[in-house]
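Residue-level structural notes
Each chain, letter by letter, is given below.
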Amino acid sequence: MWLWRAAVPFIVVGLWQLVYELDVTSRVLLPSPHAVWDAGLRLHSSAVLWPNLWSTVSAALAALALSAAVGIPAGILLGMAPRTWTVLAPYLNAVNSMPRIALAPVFFVALGIGQGSKIALGFSIAVFVFLMNARIGVLSADEDQLKVCVALGASRFQLFRKLYLPVAVPAIFTALRLGIVFALLGVVGSEIIASRAGVGQLITTYSATLSMAQVYALLIFLAIFTSVLTMLVGVGEALLLRRQRPDRRRGRAPTGMCKEREEQSTDRHPVRLHSVSVRFPGAGSPPDPVLENLSLDVPGGQFVAIVGASGAGKSTLLNVVAGLTPVSAGSATVLGRPPRAGRADVGYMFARDALLPWRTARRNVELGLELQGTAAPARPERALHMLDLVRLSSAAGKYPAQLSQGMRQRVALARTLACDPELLLMDEPFAALDALTRSSLRDMLLDIWDDEAHRKTVLFVTHDLTEALVLADRVITIADGAVRSDVRVPYGRPRDQRALMARADYRALYDRLHADLTA
Ligand SMILES: Nc1ncnc2c1ncn2[C@@H]1O[C@H](COP(=O)(O)OP(=O)(O)OP(=O)(O)O)[C@@H](O)[C@H]1O
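What you see is a predicted model; the values in this text were computed from it and never measured. (Residues numbered from 1 in each chain as written. Predicted model: local features only at pLDDT ≥ 70, side-chain atom pairs only at ≥ 80, totals over all residues. Heavy atoms only, no water.)

Details of the overall build of the chain
Within the chain, the secondary structure is distributed over 19 helices and nine strands. In terms of overall dimensions, the chain is more spread out than a globule: its C-alpha atoms have a radius of gyration of 32 Å, far above the 24 Å expected for 519 residues. Structurally, the chain occupies a C-alpha span of about 100 × 50 × 45 Å along its principal axes. Counting only carbon and sulfur atoms, one obtains 62% of the accessible surface of the chain, whose full area is about 25100 Å². (Helix = DSSP H or I, 4+ residues; strand = E, 2+ residues; numbered from the N terminus. Rg over C-alpha atoms; globule rule 2.2 N^0.38 Å. Areas by Shrake-Rupley, 256 points an atom, 1.4 Å probe, with all protein chains shown as cover.)

Some thoughts on the sheet that holds strand β1 (residues 271–279)
Sheets are built from strands paired through backbone hydrogen bonds, the pairs being either parallel or antiparallel. As summarised here, the arrangement of the three strands in space is β2-β1-β4, forming an open sheet in which the pairing is antiparallel. A single partner strand is all that each edge strand has here, and the edge strands are β2 (289–298) and β4 (329–334). Strand after strand, the sheet turns through a mean of 20° between neighbouring axes, direction not considered. In this sheet, β4 lies alongside β1 in antiparallel orientation, the contact comprising five bridges. Considered in β4, the bridge of Arg272 is made with Thr333. (Pairing = 2+ DSSP bridges. Axes fitted to C-alpha atoms, helices over the stretch in contact; angles between N-to-C directions.)

With respect to the sheet that holds strand β5 (residues 346–349)
Reading across from one edge, β5-β6-β7-β3-β8-β9 is the order of the six strands in this open sheet, with mixed pairing throughout. Among the strands making up the open sheet, the edge pair consists of β5 and β9 (482–488). Adjacent strand axes in the sheet meet at a mean angle of 15°, parallel and antiparallel pairs treated alike. Of the strand pairs in this sheet, strand β3 (residues 303–308) and strand β7 (residues 457–462) are connected by five bridges, and their pairing is parallel. When the sheet's bridge partners are listed, Ala305 is paired in β7 with Phe460. Together, β3, β5, β6 (423–427), β7 and β8 (474–479) form the strand contacts of helix α12 (residues 314–322), whose direction differs from that of β6 by roughly 150°. (Contact = heavy atoms within 4.5 Å.)

Re the site of the ligand
In the region of the ligand, the neighbouring residues are Phe280, Val290, Ala309, Ser310, Gly311, Ala312, Gly313, Lys314, Ser315, Thr316, Glu428 and His463. In this structure, an oxygen atom belonging to the ligand sits 2.9 Å away from a main-chain N or O atom of Gly313. Here an oxygen atom of the ligand and a side-chain polar atom of Ser315 are 2.7 Å apart. For the ligand, whose unbound accessible area comes to 630 Å², protein coverage reaches 56%. The leading source of residues in the shell around the ligand is α12, at three residues. (Near = heavy atom within 4 Å. Polar contact = N/O pair within 3.5 Å; in protein donor to acceptor, adjacent residues only side chain to side chain.)

This is how it looks when you write it as structure tokens:
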């Protein structure tokens, strides 16, 4: 492959020489490769080339830097604000489709003939490349990653810095590659129209005297500059996206919880829902309720499983408690206060791990600590302790792509627990795992939950009645947006699934709940 790549210039020059020898086209228009090589050497040793090349290259680099500095943040902000995009899109697209080279005379009048007007024209063309690509990069952010960041308490600025900017990096590198070409196009175009220095101005001068060998030599110099810059961008991209350095620090005693916590609640029921209804706008007219008149009190330290068919409203119920979905009617109190997204005392875990692929396992666990304002020196220690808890200390320096699905979900569990939440919301956290891994993660969760000193209240959503009966103190079935049954699980711990399933009373309870779900 490398041999073929190295052979391409020789093949092109050979074909060029052949066309020249066959006299297919005018020799003035197409001089021989040898004549172009000679012209290049003469330009190189003359005092003409380098000051002019520098004039063009410095203007192109300035236009590129300016375009990136304006286009990237603007693109990311527009990606984060879909409504603003909807308003502005027709106008931005109209400006983008304008032949901006026609703005050259305007820049000459405003800035005079010189570097300023060249940079302005290069900028006016390249900035849209950055804006459009950065916006598209932001749109590639995973909805679950966004939900996790919001649930962990990310502000708009933190979302920009910790989610949208990194997620847009590959698209930004694409924009850089294209931006080099577009900035150069603007600068050389401006020089060809009117300038006192630059490669474009030299091309105009040599073309006027039909010195085409010099013109082609200059174009080859520009192509070499663009290729070197594109290669450097490629190296930067590879270095930035690799980031696979193993972390040698290991956990000791945990310190530094999340800084800002809600005042400790004195309510013995961390979750209180009274006659809660949720209607989503646009879901029918009038919209059908997804939850209707649902009441539920959960005492502290209880492990509650919520079971229901697909679409029954289980996730909506958790979202209400997490403060991600407002209630349309009724009242909700979580740890003594109205629900609010991003509280350190409420942890939320989803079926998809939604790990950030550009962070190591340890740095993923640190995410909630960062968003909640834990001091930087305390974070690694706390994160490593959490990874130790889920038996993943040895994978602290690995990236999500290097972990199995079960390991990724354990990292997500460590991330959820890192802020030591009092209330744990879990939305089918093990649904994507195979039966064996699921069972080992259930045991791990129960071990963590069983710690008397830090016993958490858990709302655990699942489709699986057996999982609910093995894990929970209490099983609530939901159908048509309301509580269908609410039973205490009458078995001690630890529970053995196979032994449970052999018991007649277990089978009777299972059948009763199953009937409630399917009625
Ligand atoms: N943001 C939303 N806008 C409109 N409708 C929604 C929204 N979120 C959920 N719904 C609707 O609410 C109903 C309940 O959804 P929910 O996700 O709570 O169900 P679920 O019991 O968790 O289902 P599953 O087990 O399949 O995840 C569904 O009909 C769904 O289409």
